[in-house]
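Commentary on secondary and tertiary structure
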Amino acid sequence: MNDQIRVGTTSEVLRKSTISVLTGGLTWVIANLTGQQKEWALLFSAFVGSVVLIVQFLVDFERRIKLVEASIEAHHASIESIVQRRFAEIGGIAELFSLVETSAMRTDVVVQFLRNAVAIGESPRLRYDFAHAEIHRMSEFLRELGSGTATYFGEDRDWLLGLTREASTSIDAISLPSVDGGGHGFADGFWESDLGHRYLECQREAAERRGVRIRRILVLDRLSVLAEENLHNLCSRHSNHGIEVRTLHPESIPLGASRALLDFIVFDDVIGYEVTPGAHADADMPPTIVNTRLVLRADAVQAHRHHFDELWKVAEPFDPSAPQAA
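In this text, all values refer to a predicted model and were calculated from it rather than measured experimentally. (Residues numbered from 1 in each chain as written. Predicted model: local features only at pLDDT ≥ 70, side-chain atom pairs only at ≥ 80, totals over all residues. Heavy atoms only, no water.)

Quick look at the side chain of Thr149 now. Within the element layout of this structure, Thr149 appears in strand β1 (residues 149–153). Of note is the side chain of Thr149, whose polar atom sits 3.2 Å from the side chain of Arg297. Contacts of Thr149, omitting those with residues within four sequence positions, involve Glu144, Arg293, Leu294 and Arg297. (Helix = DSSP H or I, 4+ residues; strand = E, 2+ residues; numbered from the N terminus. Polar contact = N/O pair within 3.5 Å; in protein donor to acceptor, adjacent residues only side chain to side chain. Contact = heavy atoms within 4.5 Å.)

Right under this line is the structure:
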């Protein structure tokens, strides 16, 4: 770049000098043709050549001044735009934190989240893109949660364990064989999976450490009521974890309640956790979870609360001293 500027400057000087010399030479020729004395002709030609050279430099100087002014104006406009944008961003951030401070959200958690987010560099690109995708997903989740309903397509894990860890008063659940069962009822279903074991452990901690009251209704499969050989063991595990468990035979379900039988959990009487199973042509196949929903609308949570209480009354309490089915 410097070489190009140097070459350009040298060629400009040569061009200007050549024009001045030619102009002075032409003036000297004209002076000689008009019969002027050689001394005056030489002096006059030198004067004209010098004036031409100075004028060229003045014109070039003015052009460069205009270019510099235009560059300064563009730079000023760019700086002004950046400053305005930054002030707008600062204003937005200040407004955001003022909202956080007036809300129930913990400011330190929000600040830590933002620090961790901006600390992620663009390299490697996959990590950067994945982080932004997760931030967008979390943003959408918070928006849905604020609207009263959030949906996860498939079987959820984090919501279930997170709500169980944060519950402070009660957890009431209805467990259906179409969701928590396996090929042979509850014996080889959800409760034998890794998530089922972690869920039970979280419930044990909630009951023992925080005094959360946990109740569960195990709805038995109409076609395999007599085939639940391990039902006693499952109920014992729940009971040993501080969970009040009852079993519900299909014949005991009230007619109105059976038509709207859902697999759901109510946390602290304020959040409903609903699971929608898919249908399998093969009855021996484990259930497939279509979606999981969080419901915060008071009317929907109250409906779940009423439904659970209705079924709890007719469900059969588990008796640890009862003999195990053969």
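Next, the rest of the story.
Here the focus is the packing of helix α5 (residues 158–166) against helix α7 (residues 194–209). Axis separation between α5 and α7 bottoms out at 8 Å; the angle between their running directions is 10°. When the axes of α5 and α7 are compared, the pair comes out roughly parallel. Within the contact between the two elements, α5 uses Leu160, Leu161, Thr164 and Arg165 and α7 uses Leu195, Arg198, Tyr199, Cys202, Gln203 and Ala206. Along the lines of polarity and charge, the residues of the contact of α5 with α7 split into six nonpolar, two polar and two charged. (Axes fitted to C-alpha atoms, helices over the stretch in contact; angles between N-to-C directions. Parallel < 35°, antiparallel > 145°, perpendicular 65-115°, else oblique. Nonpolar A, V, L, I, M, F, W, Y, C, P; charged D, E, K, R; others polar.)

Sheets are built from strands that pair by backbone hydrogen bonding, the pairs being arranged parallel or antiparallel. As summarised here, the arrangement of the eight strands in space is β1-β7-β6-β5-β2-β3-β4-β8, forming an open sheet in which the pairing is mixed. On the outer flanks of this sheet lie β1 and β8 (316–317), each paired with one strand and no other. Strand contacts of helix α4 (residues 125–147): β1 and β7 (289–295), with the helix running at about 135° to β1, the strand carrying the most contacts. (Pairing = 2+ DSSP bridges.)

Attention now moves to unusual backbone geometry. Residues Ser123 and Pro124 are joined by a peptide bond in cis, for which omega reads 0°. By the element assignment, Pro124 lies in the loop between α3 (107–118) and α4. In this structure, Asp268 is a non-glycine residue whose phi angle is positive, near 55°. As for its position among the elements, Asp268 is in the loop between β5 (263–267) and β6 (271–277).

Turning our eyes to something else, we now look at the pattern of salt bridges. One pass over the full model with this rule turns up 20 salt bridges. Residues Glu122 and Arg125 are paired through a salt bridge, measuring 3.9 Å at the closest nitrogen-oxygen approach. Judged by relative accessible area, which is 54%, Glu122 ranks as exposed. A relative accessible area of 48% places Arg125 in the partly exposed class. (Salt bridge = Lys/Arg side-chain N within 4 Å of Asp/Glu carboxyl O. Buried < 20%, exposed > 50% of the residue type's maximum accessible area, 1.4 Å probe, protein only.)

Turning to the packing of aromatic side chains, a few remarks are in order. Centre distance and the angle of the planes are the two values used to describe a pair of aromatic rings. Counted by the stated rule, this structure contains seven aromatic pairs. Arranged with centres 5.0 Å apart and planes meeting at 75°, the rings of Phe190 and Trp191 form a pair that is edge-to-face. Exposure class is identical for Phe190 and Trp191. Each is buried. For the ring pair Trp191 and Tyr199, a centre distance of 5.8 Å and an interplane angle of 15° mean the geometry is stacked. Classification of Trp191 by relative accessible area gives buried; the value is 1%. Tyr199 sits in the buried class, given a relative accessible area of 2%. By the ring-pair criterion, three or more aromatic residues cluster together here, those being Phe141, Tyr152 and Trp159. The residue whose ring lies beneath Arg215 is Trp312, and the NZ or CZ to ring-centre distance is 5.0 Å. (Phe/Tyr/Trp six-rings, centres within 6.5 Å; stacked < 30°, edge-to-face > 60°. Lys NZ or Arg CZ within 6 Å of the ring centre and 35° of its normal.)

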